[in-house]
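Structural characterization, general
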Amino acid sequence: MKYYVHTPLQLSSALKGRRNELQKTQHEVANSVGMLQKTVSKLENHIESSSVENLLKFISALGYRIVLEPQDTQEMEW
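For the structure given in this document, a descriptive report is provided here. (Residues numbered from 1 in each chain as written. Predicted model: local features only at pLDDT ≥ 70, side-chain atom pairs only at ≥ 80, totals over all residues. Heavy atoms only, no water.)

For the rest of this paragraph, the subject is the layout of surface pockets. Empty space among the atoms can be located by rolling a probe the size of a water molecule over them. Reported here for the largest pocket is a volume of approximately 1,000 Å³. Together, 30 residues line the largest pocket, and Y3, Y4, V5, I66 and V67 are the ones closest to its centre. The set of elements that each furnish at least two residues to the lining of the largest pocket consists of helix 1 (8–21) and helix 4 (52–61). Ranked by the residues each element gives to the lining of the largest pocket, the list is headed by helix 1, at 4 residues. The residue makeup of the lining of the largest pocket, split by class, is 18 nonpolar, 6 polar and 6 charged. (1 Å grid on protein atoms, 1.4 Å probe; cavity = no way out; pocket = protein on both sides within 12 Å on 5 of 7 lines; lining within 4 Å. Points joined across faces, edges and corners; volume = space filled by probe spheres on them. Helix = DSSP H or I, 4+ residues; strand = E, 2+ residues; numbered from the N terminus. Nonpolar A, V, L, I, M, F, W, Y, C, P; charged D, E, K, R; others polar.)

Following this line, the structure appears as structure tokens:
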């Protein structure tokens, strides 16, 4: 499924939803990419203060990738 993310809250919700869809615990996802469970918790609950490196690891552990594409200026939400 494709998600269009415009805010940190939308991103964290999408990632947590994916983890639950995969039926994996935070601990399982964290271990798969060499992170601590508390780092996954932070990504799911306070993503705005997480590092880009940890975000990319988490996204990879969930089988996702980041794709950047131009957006229509009418879609901007910031």
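Between helix 3 (residues 37–45) and helix 4, whose axes approach to 10 Å, the crossing angle comes to 95 degrees. The angle between helix 3 and helix 4 falls in the class roughly perpendicular. Together, T39, V40, L43 and E44 of helix 3 and N54, L55 and F58 of helix 4 make up the contact between the two elements. Partitioning the contact of helix 3 with helix 4 into residue classes produces 4 nonpolar, 2 polar and 1 charged. (Axes fitted to C-alpha atoms, helices over the stretch in contact; angles between N-to-C directions. Parallel < 35°, antiparallel > 145°, perpendicular 65-115°, else oblique. Contact = heavy atoms within 4.5 Å.)

With that settled, consider the pattern of salt bridges. A complete count under the given rule lists 3 salt bridges for this structure. E21 serves as the salt-bridge partner of R18, at 2.8 Å between the closest nitrogen and oxygen. Separated by 3 residues within a single helix, R18 and E21 lie in helix 1, roughly one turn from each other. Given the relative accessible area of 18%, R18 is considered buried. Using a relative accessible area of 52% as the deciding quantity, one classes E21 as exposed. When the shortest N-O distance is used, the salt bridge between K57 and E53 registers 3.8 Å. With K57 and E53 both in helix 4, this residue pair falls 4 residues apart, about one helical turn. Residue classification places E53 among the exposed residues on the basis of a relative accessible area of 53%. (Salt bridge = Lys/Arg side-chain N within 4 Å of Asp/Glu carboxyl O. Buried < 20%, exposed > 50% of the residue type's maximum accessible area, 1.4 Å probe, protein only.)

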